[in-house]
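# Chains, contacts and geometry: an overview
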Amino acid sequence: MDGWASSSCEANGARLHYARTGGGKPPVVLLHGLMASGACWTGLARVLESEYDVIMPDARGHGSSSVPVAGYRYEDHANDIAGLIEALGLDAPILVGHSMGGMAAAVAASRKPDFARGVVLADPTFLSLGIQREVRDSDVADKHRQMLKMPLSEVVADALKRHPNRPMETIELMSRAWLQTSMAAFDVLTPPNPDYETLMGNNIDVPSLIVVGDSGVVSPAIVRKLQNINPKLQAEIIPAAGHSVHLDQPVRFAAAIKAFLRPICYS
């Protein structure tokens, strides 16, 4: 990816692959969602790399990381993040997570007050228990199992039909990530998720930003509720965007991230 360094490290019993822009700048760790990979953050990394050392890991069971037989709950992903940060010697990075990666970032940041310098949550999986059960009982895993039998060209063609306005590079990166996602990774969908109100209350005491689309998983009403719980939580609601807010409105999303990062890292 763009000539960036690519390597792997051992963390929490898994081998995590990652790409890194480097340069001795403030570290920013980008955490992807279910069925994505670190490479899916390429567009945002290009925007940030001149000012930040951007690290893009593949979660366990995704991309080029290992596929342990167990350990795919949010607590496990949070432990992986902690292990990655320790292995790379990162000093209080900013965590930016989408969907599954957002919840994992919140869990990780809630454990230690000095673990992260700041947290960005892009439409994290802050779901009611009922919705969690609906997702678990849906056909999302079965559809993925069928997709794994398809050639890349067919997956790309299908993605283009569903997302005709996305750049071809994004379509190809997402399609490759889908085919690199193991079925074991879907265990993260098993309820219950960590309680997000508890996480965002007294447990996260660093500058935080939640970025959602106007038709994403986390509604504007939930955003307002979370801001009442945590006064350090900033919010950005981006119109004409769904759950994949970073892909639906990449320019607006990147601008929100940059505006949040700069005063924290360069004040």
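Here we summarise the structure given alongside this text.

### Considerations on the overall build of the protein
What the protein contains, in helices and strands, is eleven helices and eight strands. Taking 18 Å as the expected radius of gyration for a compact globule of 267 residues, we find that the protein reaches 17 Å, a close match to that expectation. Counting only C-alpha atoms, the protein reaches 50 × 45 × 40 Å along its principal axes. If you take every contact in the protein between residues at least 6 apart in sequence, the share linking residues at least 24 apart comes to 76%. As displayed, the protein has an accessible area near 11,500 Å², and 52% of this comes from carbon and sulfur atoms. Of the charged side chains in the protein, 24 are positive and 28 negative; the average position of the first set lies 1 Å away from that of the second.

### Here we look at the sheet that holds strand S4 (residues 53-57)
Within the open sheet, the eight strands sit side by side as S1-S2-S4-S3-S5-S6-S7-S8. Their pairing is mixed. On the outer flanks of this sheet lie strand S1 (5-11) and strand S8 (233-238), each paired with one strand and no other. If you compare each strand with its neighbour and ignore which way they point, the axes differ by 20° on average. Inspection of the sheet shows strand S3 (residues 27-31) paired to strand S5 (residues 94-98) by four bridges, in the parallel sense. Within the sheet, the bridge partner assigned to Leu-31 lies in S5 and is Gly-97.

### With respect to the packing of aromatic side chains
Geometry of an aromatic ring pair is reported as the spacing of the ring centres plus the angle between the planes. Inspection of the entire model under this criterion finds three aromatic pairs. Taking the centre distance of 5.7 Å and the plane angle of 65° together, the rings of Tyr-52 and Tyr-266 count as edge-to-face. On the criterion of sequence distance, the pair formed by Tyr-52 in the loop between helix H1 (42-48) and S4 and Tyr-266 in the segment after helix H11 (250-265) is long-range, its members being 214 residues apart. For Tyr-52, a relative accessible area of 1% gives the class buried. Here Phe-126 and Tyr-196 contribute two aromatic rings whose centre-to-centre distance is 4.9 Å and whose plane-to-plane angle is 5°, an arrangement assigned as stacked. Placement of Phe-126 in the loop between strand S6 (118-122) and helix H4 (129-137) and of Tyr-196 in helix H8 (residues 196-200) is noted, with a sequence separation of 70 residues between them. Residue class for Phe-126 comes out buried when judged on its relative accessible area of 4%.

### As for unusual backbone geometry
Residues Pro-191 and Pro-192 are joined by a peptide bond in cis, for which omega reads 0°. The topology assignment puts Pro-192 in the loop between helix H7 (168-179) and H8. Not every positive phi belongs to a glycine, and Met-35 is a case in point at roughly 75°. The residue Met-35 is located in the loop between S3 and H1 in this model. We note that Ser-99 has phi near 55°; this positive angle belongs to a residue other than glycine. Of note, Ser-99 is situated in the loop between S5 and helix H3 (100-111).

Here is what the cut-offs are and how they apply
Residues numbered from 1 in each chain as written. Predicted model: local features only at pLDDT ≥ 70, side-chain atom pairs only at ≥ 80, totals over all residues. Heavy atoms only, no water. Helix = DSSP H or I, 4+ residues; strand = E, 2+ residues; numbered from the N terminus. Rg over C-alpha atoms; globule rule 2.2 N^0.38 Å. Contact = heavy atoms within 4.5 Å. Areas by Shrake-Rupley, 256 points an atom, 1.4 Å probe, with all protein chains shown as cover. Lys, Arg positive; Asp, Glu negative; His and termini not counted. Charge placed at Lys NZ, Arg CZ, Asp CG, Glu CD. Pairing = 2+ DSSP bridges. Axes fitted to C-alpha atoms, helices over the stretch in contact; angles between N-to-C directions. Phe/Tyr/Trp six-rings, centres within 6.5 Å; stacked < 30°, edge-to-face > 60°. Buried < 20%, exposed > 50% of the residue type's maximum accessible area, 1.4 Å probe, protein only.

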